Amino acid sequence: VPVTLGSFTDPRCDAGSVSGGPIGGVLAVGASRTYACSHLLDEADRSAGSYANTVTLTGTRPVGEGSQASSTSNTVIVNVPTPVPSSISTTGSPQSASTSTSPPSSPKSGTSGTSGVLGFKSGPVVPGLKGPHACVRTTFSVRVKSAGVKSVTFYLDGHKLKTLTARNAHKGWLTLAINPAKVSVGAHRLSAMIKMALAVSSTAKPALARRSLTIVRCH
């Protein structure tokens with residue numbers, strides 16, 4: 001039977017990029033149409049670690065021919081890698097080889113042993129993000145070990161869910177429960193921005209790292 005399509009909108013597409021159709025109007029018997037849209041990856045996608053999009057289009061059958069018809073697209077997932085910061089140099093100002101006659105001086109306090117991207121003297125270890133390994137239908141939990149963590153902010157598809165601090169820890173974990181009924185069927189990117197606490201004697205800045213995983217909402 002012919003199907004009358006509603007207006008097609010998708011907040012995950014860039015404005016004005018939706019094409020194909022008909023956008024509204026009637027899809028004739030035996031006919032098929034393809035919709036397309038584009039999205040330029042931006043800083044929000046970089047912060048989330050990925051861009052994902054799934055869309056469902058609903059049409060109305062003629063009176064007496066049944067309920068509404070719907071079609072769900074494939075899920076598009078584009079991973080957006082976070083650029084690695086430049087290494088932090090701990091070498092002091094160079095001295096002229098022609099005028100230096102004494103042995104190299106010992107490193108100053110606070111720079112000894114500093115190396116790597118984050119540049120820690122002894123370096124706190126950033127924990128991983130733990131979550132479900134199978135597709136989810138009911139409320140599930142994601143968690144981060146609380147040892148050395150000052151705060152952790154959870155994001156789902158780039159949207160902030162909640163921030164937990166060290167005082168929210170329970171049995172050594174910072175845990176967040178998520179109800180999958182609030183998200184569409186398909187794959188979703190879950191990420192945690194983890195801020196490490198500093199030791200009292202440390203002069204380094206706190207570590208800030210992202211951990212991500214993909215969850216799949218079952219039918």
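Residues numbered from 1 in each chain as written. Predicted model: local features only at pLDDT ≥ 70, side-chain atom pairs only at ≥ 80, totals over all residues. Heavy atoms only, no water.

Trainee: I keep staring at the nonpolar core and nothing clicks. Help me out?
Mentor: Nonpolar side chains in soluble globular proteins generally cluster together in the buried interior. In terms of nonpolar packing, the biggest core is built from 22 residues, with Leu129, Val142, Val144, Val152, Phe154, Ala192 and Ile194 touching the most fellow members. Looking at this core, the elements with two or more residues in it are β10 (140-145), β11 (149-156), β13 (173-178), β14 (186-196) and β15 (208-217). (Core = buried A, V, L, I, M, F, W, Y, C linked by side-chain atoms within 4.5 Å. Buried < 20%, exposed > 50% of the residue type's maximum accessible area, 1.4 Å probe, protein only. Helix = DSSP H or I, 4+ residues; strand = E, 2+ residues; numbered from the N terminus.)

Trainee: Sorry if this is basic, but what is going on with the pattern of salt bridges here?
Mentor: Note on pairing: side chains with opposite charge can pair once their charged atoms come close. One pass over the structure, following the stated rule, counts one salt bridge. With its nearest N and O atoms 3.4 Å apart, the salt bridge here joins Arg46 to Glu43. One end of the pair is Arg46 and the other is Glu43, both in helix α1 (residues 43-48) and three residues apart, which spans about a single turn. Using a relative accessible area of 53% as the deciding quantity, one classes Glu43 as exposed. (Salt bridge = Lys/Arg side-chain N within 4 Å of Asp/Glu carboxyl O.)

Trainee: Just checking my understanding: could you explain the state of the cysteines for this structure?
Mentor: As used here, a disulfide is simply a covalent bond connecting the sulfur atoms of two cysteines. Enumeration according to the criterion identifies two disulfides in this entry. Through a disulfide, Cys13 is tied to Cys37; the S-S separation comes to 2.1 Å. Taking the torsion about the sulfur-sulfur bond, which here is approximately -70°, the covalent link between Cys13 and Cys37 counts as left-handed. Here Cys13 is found in the loop between β1 (3-5) and β2 (19-20), whereas its partner Cys37 is found in the loop between β4 (35-36) and α1, with 24 residues between them in sequence. On the basis of relative accessible area, Cys13 is assigned to the buried category, the value being 10%. Taking relative accessible area as the criterion, Cys37 reaches 34% and is therefore assigned partly exposed. The disulfide partner of Cys135 is Cys218, and the gap between their sulfur atoms is 2.0 Å. (Disulfide = S-S within 2.5 Å.)

Trainee: Looking at this structure, how should I read the environment of Asn74?
Mentor: As for its placement among the helices and strands, Asn74 is situated in the loop between β7 (69-72) and β8 (76-79). Here Asn74 falls in the exposed class, since its relative accessible area comes to 57%. Expressed as a C-alpha distance, the spacing of Asn74 and Asn53, which sit 21 residues apart in the sequence, is 8.4 Å. When neighbours within four sequence positions are excluded, Asn74 is seen to be in contact with Asn53 and Thr54. (Contact = heavy atoms within 4.5 Å.)

Trainee: When you look at the confidence of the model for the protein in this model, what are you seeing that I'm missing?
Mentor: Atom-level detail of predicted coordinates should not be read off regions where pLDDT is low. Of the residues in the protein, 74% have a pLDDT of 70 or more, and the chain-wide mean is 75. For the protein, the element scoring lowest by mean pLDDT is β2, at 76; β13 scores highest, at 94. Ignoring residues within four places in sequence, the model shows residues 86-122, a span with pLDDT below 50, making 25 contacts including any to other chains. (pLDDT = per-residue confidence, 0-100.)

Trainee: Hey, could you run me through the side chain of Ser17 in this one?
Mentor: Within the secondary structure layout, Ser17 lies in the loop between β1 and β2. Separated by 3.1 Å, the side chain of Ser17 and the backbone oxygen of Ser38 make a polar contact. Residues within four places of Ser17 in sequence aside, it is in contact with Ala36, Cys37 and Ser38. (Polar contact = N/O pair within 3.5 Å; in protein donor to acceptor, adjacent residues only side chain to side chain.)

Trainee: I tried to follow the packing of aromatic side chains on my own but got confused; where do I start?
Mentor: Following the criterion strictly, the structure yields zero aromatic pairs and no others. Its end group placed over the ring of Trp173, Arg143 keeps NZ or CZ at 3.9 Å from the ring centre. (Phe/Tyr/Trp six-rings, centres within 6.5 Å; stacked < 30°, edge-to-face > 60°. Lys NZ or Arg CZ within 6 Å of the ring centre and 35° of its normal.)

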